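Architecture and fold: a report
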Amino acid sequence: MDPSTSTSFSSPTEQLPTTSGINVTGIDTSARLPSLEGLFKNNIVLTLRPGLDLWKGLGVGLTVLRQGIVLGTTALRRRMLVTLEINNKDRSYEWFLAWMAHQTNIVAKQKLRSAPWIRSHQLSVETILEQRKNGSSSALFKLVAGPGTHWFRYRGAWMQVKRERETRSMQLMSGVPWETVTLTTLSRDRTLFPQLLSEARDLAMRGQEGKLVIHTAWGIEWKPFGLPRRKRPLQSVVLKPGVGERIEQDITSFLNRRQWYADRGIPYRRGYLLHGPPGSGKTSFIQALAGSLNYDICLLNLSERGLADDKLNHLLSNAPERSFVLIEDIDAAFNKRVQTSEDGYQSSVTFSGFLNALDGVASGEERIVFMTTNHIEKLDPALIRPGRVDMSELIDDSSANQARVLFTRFYGDSEDMEEPEVEELANILETIVIEETESGRKVSMAALQGLFIRSKAKDAIARCRELFVSRQP
Ligand SMILES: Nc1ncnc2c1ncn2[C@@H]1O[C@H](COP(=O)(O)OP(=O)(O)OP(=O)(O)O)[C@@H](O)[C@H]1O
């Protein structure tokens with residue numbers, strides 16, 4: 001064999017640079033990079049012969065070179081670039097997408113031609129449904145970066161955003177596919193990530209400031225439903241004197257006694273039941289109270305398809321911090337199920353499962369549950385025993401005084417009436433309510449509100465008797 005035309009590597013580690021030998025990056029890549037040693041493991045001996053062997057040698061050389069380049073670029077990328085991965089389990093995922101969408105809007109509004117922002121044509125639409133109490137709903141559309149690769153510039157640094165969606169597996173229960181966004185930028189800009197995330201979080205929080213967030217259950221998770229709503233002032237819900245104050249005082253005292261509960265090993269939870277006829281302000285009051293305490297509302301619908309005892313238990317034990325769980329029409333929830341089961345549908349929430357979920361495991365976690373009903377008499381005593389319902393309040397139809405307060409709220413500052421005239425009409429209204437109540441007829445605050453919205457003050461007084469209905473005791 002001609003020594004000048006043949007090369008033999010008996011030990012690759014001696015003759016060729018090893019992975020760590022390449023060390024283009026200056027960081028230890030041996031743990032994750034494919035090793036060059038792999039190419040030559042088992043002490044491969046290559047012997048090149050002239051002619052045909054020369055091509056073989058060239059081929060090997062090229063392979064080595066290619067591997068070297070791959071390793072080099074990977075290592076270089078590792079060294080030069082920094083990436084951040086956020087998955088859709090994390091709250092910052094939504095914040096980041098919303099932040100990106102917000103930037104696009106700024107560009108669109110300012111008609112920036114050379115927009116420094118998102119360079120992308122792949123957009124996804126996120127529909128936000130707003131359900132109103134009367135059953136109607138409205139939809140808002142938000143365009144966010146869709147799955148794929150996007151580029152944008154943040155504080156002078158270019159960033160690549162890759163949004164990827166896992167098509168084969170889904171999040172258990174919620175059925176939402178797993179998603180990740182990966183942000184990549186030059187490593188010298190690594191401090192930008194925390195700044196960007198803080199900005200995204202602040203933007204999300206700003207949107208909720210002074211607003212009430214309503215969450216609904218998605219499988220076993222709570223998710224905000226619709227856009228945060230403007231908070232309703234507590235005084236705008238007119239209740240009988242003392243009722244609202246009692247509830248407010250009870251909840252404030254509960255919130256101040258966390259340690260007291262902990263010291264005595266009592267589960268830190270409180271249950272409230274507001275009962276009374278429809279349209280008396282139960283829901284409005286709970287929402288206004290949540291707003292005034294800076295709490296969110298978690299709306300729980302016990303008749304929801306797919307809800308079972310275990311899911312219910314999980315939801316009740318994992319409500320977002322600082323939130324009231326609100327279960328409306330608690331009597332109907334269980335009645336309805338009996339009816340609907342006849343035509344095939346049976347919700348799997350059982351009454352005993354519900355009671356267990358209400359009791360929950362003894363934990364230090366705060367839990368505040370509000371329930372409402374129009375028919376307290378239909379409720380099982382087991383449900384309203386202390387520990388499950390600690391405070392029960394009647395929110396009744398309008399009293400004379402409530403009607404008066406509501407009337408003056410509506411017409412008190414109207415331009416076409418002087419104050420004495422408003423007072424006079426309010427007196428008449430009060431008398432009407434007293435008379436009608438004495439003859440067993442009542443009016444709901446919701447009905448009065450409806451009348452005041454669509455009528456002028458005098459017309460409202462003239463027509464208000466029509467709204468009174470007999471209430472069965
Ligand atoms: N006491 C009240 N003060 C001011 N507005 C009220 C009052 N009661 C009802 N309303 C108005 O009537 C509408 C319906 O009220 P709300 O939904 O709070 O009643 P509810 O007692 O929860 O009814 P339901 O038992 O049917 O759920 C709301 O728009 C609310 O503004």
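Residues numbered from 1 in each chain as written. Predicted model: local features only at pLDDT ≥ 70, side-chain atom pairs only at ≥ 80, totals over all residues.

For the rest of this paragraph, the subject is the overall build of the protein. If you tally the helices and strands in the protein, you get 15 helices and 17 strands. When the 473 residues of the protein are sorted by exposure, 24% land in the buried category. If you take every contact in the protein between residues at least 6 apart in sequence, the share linking residues at least 24 apart comes to 72%. (Helix = DSSP H or I, 4+ residues; strand = E, 2+ residues; numbered from the N terminus. Buried ≥ 20, exposed ≤ 12 C-beta atoms within 10 Å, placed from the backbone. Contact = placed C-beta atoms within 7 Å.)

In this model helix H6 (residues 243-255) runs 19 Å from its N-terminal to its C-terminal C-alpha over 13 residues, within 8% of the 18 Å that 1.5 Å per residue would give. Along H6, the positions that sit buried rather than exposed are Gly244, Ile247 and Ile251. Projected onto a plane normal to the axis of H6, the buried residues spread over an arc of 70° and lie on a single side. Residues of H6 that are exposed and angled more than 90 degrees away from the buried face: Glu245, Arg246, Gln249, Thr252 and Ser253. (Expected span 1.5 Å × (residues − 1). Arc of directions from axis to C-beta.)

Another aspect to go through is the nonpolar core. Grouped together as the largest cluster of nonpolar side chains are 61 residues, with contacts concentrated most on Phe324, Val325 and Leu326. Tallying contributions element by element places helix H8 (residues 282-292) first for this core, with five residues. Of the residues that make up this core, three or more belong to each of domain 3 (229-394) and domain 4 (400-470). Setting aside residues no more than four positions away along its own chain, Leu326 makes contact with Ile286, Ile297, Cys298, Leu299, Leu300 and Phe370. (Core = buried A, V, L, I, M, F, W, Y, C linked by C-beta atoms within 7 Å. Domains from an automatic or database assignment.)

Checked against the element boundaries, Asn88 lands in the loop between strand S1 (81-87) and helix H4 (91-110). The exposure class of Asn88 is buried, given the 20 C-beta atoms found within 10 Å. Residues contacting Asn88, with those up to four places away along its chain left out, are Tyr93, Trp178 and Glu179.

Taken together, 17 residues lie near the ligand, and Pro278, Gly281, Ser284, Met445 and Ala446 sit nearest. When contributions to the shell around the ligand are tallied by element, the ones reaching two or more residues are H8 and helix H14 (445-454). Tallied by class, residues from the shell around the ligand come to six nonpolar, eight polar and three charged. When residues of the shell around the ligand are assigned to domains, at least three map to each of domain 3 (229-394) and domain 4 (400-470). (Near = placed C-beta within 6 Å. Nonpolar A, V, L, I, M, F, W, Y, C, P; charged D, E, K, R; others polar.)

Glancing now at the environment of Gly156. Along the chain, Gly156 falls in the loop between strand S4 (148-154) and strand S5 (157-170). Residue Gly156 is classed as exposed on the basis of its C-beta count, with 8 C-beta atoms lying within 10 Å.

With 74% of its residues at a pLDDT of at least 70, the protein reaches an overall mean of 79. When mean pLDDT is compared element by element in the protein, strand S15 (residues 391-394) scores highest at 97, while helix H2 (residues 19-22) scores lowest at 31. The low-confidence segment residues 1-46, where pLDDT is below 50, has 58 contacts with residues more than four positions distant or belonging to other chains. Every residue in residues 111-119 is under pLDDT 50, and counting partners more than four places away or in other chains gives 17 contacts. For this predicted complex, the interface confidence reaches an ipTM of 0.98, while the overall pTM sits at 0.69. (pLDDT = per-residue confidence, 0-100.)

Before going further, it helps to examine the packing of helix H12 (residues 400-411) against H14. Relative to each other, H12 and H14 sit at 25°, their axes nearing to 11 Å. Considering the angle they form, H12 stands roughly parallel to H14. In the packing of H12 onto H14, the handedness of the crossing is right-handed. Contacts between H12 and H14 involve Gln402, Ala403, Leu406, Phe407 and Phe410 from the first element and Met445, Leu448, Gln449 and Phe452 from the second. Residue composition of the contact of H12 with H14, grouped by class: seven nonpolar, two polar and no charged. (Axes fitted to C-alpha atoms, helices over the stretch in contact; angles between N-to-C directions. Parallel < 35°, antiparallel > 145°, perpendicular 65-115°, else oblique. Left-handed = near helix turned anticlockwise from the far one by under 90°.)

Moving on: H14. Turning to H14, its buried residues number three or more, namely Met445, Leu448 and Leu451. Burial along H14 is one-sided: seen end-on, the buried residues are contained in an arc of 120°. In H14, the exposed positions that point more than 90 degrees away from the buried face belong to Ile453 and Arg454.

Attention now moves to the sheet that holds strand S11 (residues 269-275). Read across the sheet, seven strands follow the order S9-S8-S12-S13-S14-S11-S15 without closing on themselves; strand pairing throughout is mixed. Every other strand in the sheet has two partners, leaving strand S9 (221-224) and S15 as the edge strands with one partner each. Mean inter-strand twist for the sheet, computed between neighbouring axes without regard to direction, equals 25°. Here four bridges tie strand S8 (residues 214-218) to S9, and the two strands are oriented antiparallel to one another. (Pairing = 2+ DSSP bridges.)

Before going further, it helps to examine unusual backbone geometry. Leaving glycine out, the prevailing phi sign among residues is negative, and the prevailing peptide bond configuration is trans. Here Asn294, not a glycine, exhibits a phi torsion of approximately 60°, which is positive. Its place among the elements puts Asn294 in the loop between H8 and strand S12 (296-300). By C-beta crowding, Asn294 is classed as exposed, having 12 other C-beta atoms within 10 Å.

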